[in-house]
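Chain residues, written in single-letter form:
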Amino acid sequence: MIVWVHFGLVKFEEQKATVPEGAPFYWWKRIAPALEFGSMHAILFQMALIPLTMSRCSIAALSETVLQDFVPLNRAVRIHIHLGYVMVLIVGLATSLFFIFFGRLCAGGQQDFCDKFRQEIMITGYIIVAFLIVIGATSHFRHRMHYEVFYAIHHLVFILYLVTVFHTVDSVQRNNERNRSQTFKWFSSTILWYVCDRMAMRINHSYKARVVSASAVRGSDGSRMLLLKIRKPVLFQFKPGQCAYLKCSAVDQHWHPFSIASDPASRFLEFYIEVFGPETWTGRFWDLLKQERDSPLDDSRIGMDVMGPFGTSLGKTENFSHGLAIGAGTGIVPILSMFKQHVCSVIRLSPTEYFKASDENNRLQMDYEVARDKQKGSFAGRFATFWKKRMDSYPESETLTRMDIMQRSIKSVIVDLQASDASNNIDAKMLKWAASNATRSIYGVLLLAFISILGVTVFGLTISWNTVPVEIYDGMRTTLKIMTVMFQVCFAVPVLFIWDGNNFFAFIDFAMCLVSIPADIIWFNKYNQQETLGGVDLTLFAILTGYMIGRLWVRTVCHRQSAWMNGGGMKRLEVVWVARSAPLISEIVPEINALWDELVSKWGMEDALKVCRFSIYCTDTEECAVDQLRSKLFKTSLYQQGFVHFGRPEFDQIIENQTLEVIDESRTSSTLLVFCGSPELAETVRRYHVSNSMLAAVTGHKKHQMHFISESYGGVKKAKKQNEFPDGRTCGSADKEEHFDATARKAKLSHSDFEVPTF
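This write-up is about the structure you can find in this document.

Each value, and the rule that gives it
Residues numbered from 1 in each chain as written. Predicted model: local features only at pLDDT ≥ 70, side-chain atom pairs only at ≥ 80, totals over all residues. Heavy atoms only, no water. Disulfide = S-S within 2.5 Å. Buried < 20%, exposed > 50% of the residue type's maximum accessible area, 1.4 Å probe, protein only. Phe/Tyr/Trp six-rings, centres within 6.5 Å; stacked < 30°, edge-to-face > 60°. Helix = DSSP H or I, 4+ residues; strand = E, 2+ residues; numbered from the N terminus. Lys NZ or Arg CZ within 6 Å of the ring centre and 35° of its normal. Salt bridge = Lys/Arg side-chain N within 4 Å of Asp/Glu carboxyl O. Pairing = 2+ DSSP bridges. Contact = heavy atoms within 4.5 Å. Axes fitted to C-alpha atoms, helices over the stretch in contact; angles between N-to-C directions. Left-handed = near helix turned anticlockwise from the far one by under 90°. Nonpolar A, V, L, I, M, F, W, Y, C, P; charged D, E, K, R; others polar. Patch = residues over 30% accessible without salt bridge, like charges linked within 9 Å, V, L, I, M, F, W, Y side chains within 5 Å. Areas by Shrake-Rupley, 256 points an atom, 1.4 Å probe, with all protein chains shown as cover. Core = buried A, V, L, I, M, F, W, Y, C linked by side-chain atoms within 4.5 Å. Arc of directions from axis to C-beta.

Moving on: the state of the cysteines. Throughout the structure, instances matching the rule amount to one disulfide. What pairs with Cys 106 in a disulfide is Cys 114, and their sulfur atoms sit 1.8 Å apart. For the disulfide bridge between Cys 106 and Cys 114, the dihedral angle about the S-S bond is near 105°, and by the sign convention the bridge is right-handed. By relative accessible area, which is 25% here, Cys 106 ends up partly exposed. Exposure remark for Cys 114: the relative accessible area of 11% places this residue in the buried category.

Right, dumping it as structure tokens:
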């Protein structure tokens, strides 16, 4: 928007000098070109950002830095889609305005506007619009077409960039009749960055790999799944949640991304690949493996190229005390990697040493929190003293004091509240105070986000209006002064009265508030003298305002919880898997069960449950498939210990139980909530997470924080008739596995790499 306003203002003033007053269609000629010119540069700004969202190597590298805490790198694909749709929308609006404006003037008898429809710059403009329509339409329907088709069409965007360059290098520019604003200046640097990123992908992150084993399973709903295991290249180092690109030359020459299911420390890469239609890559790969089933697998024919790792991890587990990971369907794949990593790290330790270190860490954390609470306070001590007196004004109660609220579980407090007279009970008074405090905290986060947006607006408009090559109006200067003061006051209020003043940045914040006063006096004096800010003033303004925006954004997106003093990674990880395919569960559970049995054999059941749990919910509606799953899993320890359920889980209850257990265990905690699955279910889990966090805050448990990360994906598949498969088989025969083993005749994998026999 700021880019649009800047260049629109430039064009508006240019038109004022070239269009005489009283000319036909005077205001049309003043306003329409300004809107067009601003829209063009807004589009160029979008085009400059899009290559950065496609730089996979850069995103993967930056995701392991502190930048991941402030920038949503795990949402790079969504940002890419958003930028593309916004660009198509702006182009559509600008094109409509162009035809209305030129058509109106052409119909009004101005022949020069009629001739412009056939100029070279207009022809390239038509091509750009056509390309964007095709790219935008195929992007919207990408889930309803073959991946290879979408991938090929989407690469037309590079031709679009090339045409955009020639768009402003037309005959008028080449003949020096007019100096046009050149488009390549906007996106040449980001395109170069993207090219370097792709070269690094192909040269530094591409490996040859050997297929170790592959098995296939059919679901009772007609779905098919490939379980692929390849030998991991030595230099291929990844983290749970990241993906790899696979290419099988025997199928085609396209790369396809898949999440990794194996432990990062394993010697193998495991992939669980959902098979779609027969003409897709997964369908052809399925058929290729079926052809090799009855003969030795030829590595030269089934050779696999691997490129990666790319994407972002599922969170830095070392920053959290507990974890709750929920996977839906094939969304369990990246979570399995996290599960294996956690269990393997735990198995290496003895229970005695592990729990001793955990207890010591809890003690240190509690001492740290107690000491930190005593030192908390803002620069406005009188405000803190007043608030403390207000808290101490509440009478003590034998049934419930403020400290009792901090120690009691959410559910018990709510039950007591419902069973009592809320108007006369101290419990209700305490809960009302806690609810008010929690509500203020939520509103505070929203307010900080709004102030950050205000700061970005002030920053952009100040830079724009002081560098624009036209005279700005007095009202614009007044607007800048008012918005600048509003932003700085909004920054000073939390610095002085709300934020903790016992850290280094608090003093820097306070210093910036003081510096802003004389700086505003100098800058506003120049505004009053009809002057603009020079290079030095703008540099100082950028430093001052940029720092304030950065601090506000950090306080908005970062955890309220102080850093978790973790001594050895996540203390407990609970995994919940929901799948509607009983055969898929029967294929994957043996590997999970083998790892669980190894943990139980070394730690014992009681201690194992303190560090890890794995619950499975089968929602398959085919009774025959469910019965066969029961018979196959009947002897497994996961089934016998009640971790396998048949029916839909109550996600809200699962999240609440996790919070209650953590509250009972420790005074403070930081839980990582991960969801991988469909976007619709991700939104449901997110709502439950928000409700649970609000309930925890209302009942006085603000020091038990839960951080939510979701990875949503999925395509649109044609519905199949139940109990029927593409080859005509029914449930009784379709749930049989098809297994293709590349090493059954060659080598046997060790148990430490979690190889389990196919049953």
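This part is about the packing of aromatic side chains. This structure, assessed with the given rule, holds 31 aromatic pairs. A ring pair is formed by Phe 98 and Phe 102, whose centres lie 4.5 Å apart and whose planes are at 45°; its orientation type is tilted. Of this pair, Phe 98 and Phe 102 both sit in helix 4 (residues 76–107), separated by four residues, roughly a single helical turn. The exposure class of Phe 98 is buried, given its relative accessible area of 11%. Measuring from centroid to centroid gives 5.8 Å for Phe 101 and Phe 113, while their planes differ by 85°, and the two rings are edge-to-face. One end of the pair, Phe 101, is in helix 4; the other, Phe 113, is in helix 5 (residues 111–115), and twelve residues separate them in sequence. Using a relative accessible area of 8% as the deciding quantity, one classes Phe 113 as buried. An aromatic cluster is present here, built from Trp 28, Phe 98, Phe 99, Phe 101, Phe 102, Phe 113, Phe 117 and Tyr 126 joined pairwise through their rings. Positioned above the aromatic ring of Phe 37, the side-chain terminus of Lys 11 is 5.4 Å from the ring centre.

Overall, the coordinates contain 22 salt bridges when judged by the stated rule. Notably, a salt bridge pairs Glu 661 with Arg 572, separated by 3.3 Å at the nearest N-O pair. Placement of the pair is Glu 661 in helix 25 (residues 651–665) and Arg 572 in strand 9 (residues 572–579), with a sequence separation of 89 residues. Assessed through its relative accessible area of 28%, Glu 661 is described here as partly exposed. Note on Arg 572: relative accessible area 4%, which makes it buried.

The next thing to look at is the pairing of strand 7 (residues 304–310). Across the seven residues that make up strand 7, a large majority, seven, are buried. Note: strand 1 (residues 206–209) against strand 7, four bridges, orientation antiparallel. Bridge pairing in strand 7 places Lys 208 opposite Asp 305. Across five bridges, strand 4 (residues 243–248) lies against strand 7 in antiparallel orientation.

Before going further, it helps to examine the environment of Gly 8. With respect to the helices and strands, Gly 8 occurs in helix 1 (residues 2–18). Here Gly 8 falls in the buried class, since its relative accessible area comes to 10%. Sequence separation of Gly 8 and Phe 37 is 29 residues, and the distance between their C-alpha atoms is 5.8 Å.

In this structure, Thr 671 sits in strand 12 (residues 669–677). Residues in contact with Thr 671, not counting those within four places in the same chain, are Phe 320, His 322, Gly 323, Leu 324, Gln 658, Val 662, Gln 705, Met 706 and His 707.

With parallel pairing, the six strands of this open sheet are ordered in space as 11-10-9-8-12-13. In the strand order of this sheet, the two ends are held by strand 11 (644–646) and strand 13 (704–712), each with one partner. On average, each strand axis in the sheet is tilted by 15° relative to the strand beside it, whichever way the strands run. Here strand 12 pairs with strand 13 via nine bridges, running parallel. Looking across to strand 13, one finds that Val 674 is bridged to Ile 709. Contacts from helix 26 (residues 679–698) reach strand 8 (322–328), strand 12 and strand 13, with the element oriented near 175° to strand 13.

Axes are the key here: two packed helices are described by the angle between their axes and the distance separating the axes. In the contact formed by helix 1 and helix 2 (residues 26–53), the axes pass within 7 Å of each other and the chain directions differ by 150°. Note on packing geometry: the crossing formed by helix 1 with helix 2 is right-handed. Partitioning the contact of helix 1 with helix 2 into residue classes produces twelve nonpolar, five polar and four charged.

Turning next to a nonpolar patch on the surface. A cluster of nonpolar residues, Ile 442, Tyr 443, Leu 446, Val 690 and Met 694, forms a patch on the protein surface that exposes about 470 Å² of accessible area. Those elements that place two or more of their residues in the nonpolar patch are helix 17 (426–467) and helix 26. The greatest single-element share of the nonpolar patch, amounting to three residues, is contributed by helix 17. With respect to the element layout, Tyr 443 can be found in helix 17.

Let's shift gears to unusual backbone geometry. The linkage connecting Gly 308 with the following residue, Pro 309, adopts the cis geometry, with an omega of 0°. Residue position: Pro 309 is located in strand 7. Here Phe 25, not a glycine, exhibits a phi torsion of approximately 55°, which is positive. On the basis of relative accessibility, which here comes to 25%, the residue Phe 25 falls in the partly exposed class. You will see that Gln 530, though not glycine, has its phi angle at about 60°, which is positive. Topologically, Gln 530 is positioned in the loop between helix 19 (504–528) and helix 20 (535–557).

Our focus in this paragraph is the nonpolar core. Of all hydrophobic cores here, the largest spans 52 residues; its most connected members are Trp 577, Ile 585, Leu 599 and Phe 614. Each residue touching Leu 599, except ones within four places of it in the same chain, is listed here: Val 343, Val 346, Ile 347, Gly 604, Ala 608, Val 611 and Cys 612. With 33 residues, the next largest nonpolar core counts Leu 461, Phe 491, Tyr 547 and Leu 552 among its residues.

Residues of helix 23 (residues 623–633) that are buried include every one of Ala 625, Val 626, Leu 629 and Leu 633, and no others. Axial view of helix 23: buried residues confined to an arc of 100°, hence all on one face. Relative to its buried face, helix 23 has exposed residues pointing more than 90 degrees away, namely Glu 623 and Ser 631.

Right, let's talk about the sheet that holds strand 4 for a bit. The sheet built from four strands is open, its strands ordered 1-7-4-5 with antiparallel pairing. Edge positions in the sheet fall to strand 1 and strand 5 (256–259), since each of these pairs with one other strand and no more. Here the strands of the sheet are splayed against their neighbours by 35° on average, with no regard to which way each runs.

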